[in-house]
Amino acid sequence: MKSVKSMTKISVYGATGFIGGTFCEMFADESIPIPREERQPQSKEILYLISTTTNHNMLSDLTLDVRTNLNVLMETLEYCKEKDLVFNYVSTGFVYGPDILYSKEDDPCDPRGFYSITKRTAEQMIISFCKVYDVKYRILRIASVYGQDKTISAKKNVLGFLIELMRHDEVVTLYNHGKDLRDYMHVSDICRALKLVIDKGELNSIYNIASGVALPFSDIIEKCKKFLGSNSEIISMDTPKFNRLVQAKNYALNADKLKKLGFKPEIDLDAGLQSLCK
C-alpha cells in the first residue's frame, strides 16, 4: 500500500485578491484563507500577498503604499517571532528598476515608484526580521499577470482595460508604439509556480515567478485585437513623465531558477489571451 503524503497547510494572507483568491481555489485543501483583519498565522507555512498593486497611488495618497505594504506586514510579523515558520512573501519584479530586461534574482535593485520602493523595503525588512528571529523565508518576485480579474483599470490591469476598449471598437493608445517588452503569465500558472516554490524551493532565497519569455506589448495587443475581431484603431503617444520616471520601460524576468525546479507554464499565451477575449 502506498503511503499518503500529508498536505502542508498554507496560511494565505490576501486571499480575496486576484492571485490569492485564485490560489485558494486551486489549492483549496491546503489553503487557510486568513481574514482581512486577522494577523496571526494558522499554520507553519505562510503565503503573504497583502499589497497595493500600482505605482500610481503616490499621485492620490502618499501614505497608502506605506500603510498597506509595510505597516500591515509589520503587524503580521509580530505574530511570527521565534517560531518554526516559513514566510513566503510575494513581491514584484518592479523592484529591479526602470528597465527590466530578463533580470536575475541576484541583480541589483533600483525601484523608483512608491509601490515598488515599499515592496523592496518589505523584502529587506523580512530578511532582517527572519535572520534575527530565526524564521525561514522566500521572496517571490512576479512578472505581469493576466486572467479573469474582476478589477479592470488603466492603472491596475492595463491589458484587461485595453481589451475592453477593443471589445467596443474604441481607440487604443500605446506608449512608445508598444515596443516595450512585457512578460505575461496566466494567473493559474502564477499560482502553480508559487505552490511549486513553496513545496520545493530553497529556503532563505529569492525566486522570479515568470514565463521567461517576453514580447513587445504591441504584439500582445494585436493578438487580442485579432481574437476579438475588433476594428479598434491602435495609435502611439509619447510616454508621460510619470511613467518615464517610475514605471518600468521593459518588464521581463529571467526564470531559469524557477525552471530548475521543473516548472513549465501550462497555459500558452495565445490560448490564454483567446480565452480572456471571449
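Use the structure listed above.
Draft legend 1. Highlighting the pairing of strand 11 (residues 205–209). Most of strand 11 sits inside the fold, with five of its five residues counted as buried. Every second residue of strand 11 is oriented toward a common face, with Ser205, Tyr207 and Ile209 on one face and Ile206 and Asn208 on the other, all of them buried. As judged from the five bridges shared by strand 6 (residues 136–142) and strand 11, these two strands associate in the parallel manner. Looking at the pairing, Arg141 lines up with Asn208 of strand 11.

Draft legend 2. Looking closely at the environment of Lys179. Checked against the element boundaries, Lys179 lands in the loop between strand 8 (172–175) and strand 9 (181–182). Assessed through its relative accessible area of 56%, Lys179 is described here as exposed. Sequence separation between Lys179 and Ser232 is 53 residues; the distance between their C-alpha atoms is 18 Å. Those residues within four positions of Lys179 in sequence are excluded, and the remaining contacts are Pro216 and Asn250.

Draft legend 3. Molecular detail of helix 6 (residues 217–228). Helix length check: helix 6, at twelve residues, gives a terminal C-alpha distance of 17 Å against a target of 16 Å (1.5 Å per residue), a fit within 8%. Phe217, Ser218, Ile220, Ile221 and Cys224 are the residues of helix 6 that are buried. Down the axis, helix 6 shows its buried residues gathered within 160° of arc, on one side only. Gly229 sits one or two positions beyond helix 6 and adopts a positive phi of about 65°.

Draft legend 4. Expanded view of the sheet that holds strand 11. Spatially, the six strands line up as an open sheet ordered 2-1-3-4-6-11, and their pairing is parallel. Both outer strands of the open sheet, strand 2 (31–33) and strand 11, are each paired with one neighbouring strand and no more. Sheet twist, expressed as the mean angle between neighbouring strand axes with direction ignored, is 25°.

Draft legend 5. View of unusual backbone geometry. Here Tyr102, not a glycine, exhibits a phi torsion of approximately 50°, which is positive. Residue position: Tyr102 is located in strand 5 (residues 100–103). One non-glycine residue with positive phi stands out, namely His177, at about 60°. Turning to its location among the elements, His177 is positioned in the loop between strand 8 and strand 9. Taking relative accessible area as the criterion, His177 reaches 53% and is therefore assigned exposed.

Draft legend 6. View of the side chain of Glu105. Structurally, Glu105 is set in the loop between strand 5 and helix 3 (114–133). Among buried charged residues, Glu105 stands out as having no salt bridge; its nearest opposite-charge side chain is Lys257, 5.4 Å away. When sequence neighbours within four positions are dropped, the list of residues in contact with Glu105 reads Tyr96, Arg141, Ile206, Tyr207, Asn208, Asn254 and Lys257.

Draft legend 7. Region of the structure containing the pattern of salt bridges. Applying the stated rule across the entire model yields 15 salt bridges. Residue Arg120 pairs with Glu123 through a salt bridge whose shortest N-O separation is 2.8 Å. On the criterion of helical spacing, the pair formed by Arg120 and Glu123 is a turn pair, its members being three residues apart in helix 3. No difference in accessibility class separates Arg120 from Glu123, as the two residues are buried. Between Asp189 and Arg192 there is a salt bridge whose closest N-O contact spans 2.7 Å. Highlighted residues: Asp189 and Arg192, both in helix 5 (residues 187–200), separated by three residues, approximately one helical turn. Put simply, Glu30, Lys195 and Asp199 are held in one network by salt bridges that share partners.

Parameters and conventions
Residues numbered from 1 in each chain as written. Predicted model: local features only at pLDDT ≥ 70, side-chain atom pairs only at ≥ 80, totals over all residues. Heavy atoms only, no water. Buried < 20%, exposed > 50% of the residue type's maximum accessible area, 1.4 Å probe, protein only. Helix = DSSP H or I, 4+ residues; strand = E, 2+ residues; numbered from the N terminus. Pairing = 2+ DSSP bridges. Contact = heavy atoms within 4.5 Å. Expected span 1.5 Å × (residues − 1). Arc of directions from axis to C-beta. Axes fitted to C-alpha atoms, helices over the stretch in contact; angles between N-to-C directions. Lys, Arg positive; Asp, Glu negative; His and termini not counted. Salt bridge = Lys/Arg side-chain N within 4 Å of Asp/Glu carboxyl O.

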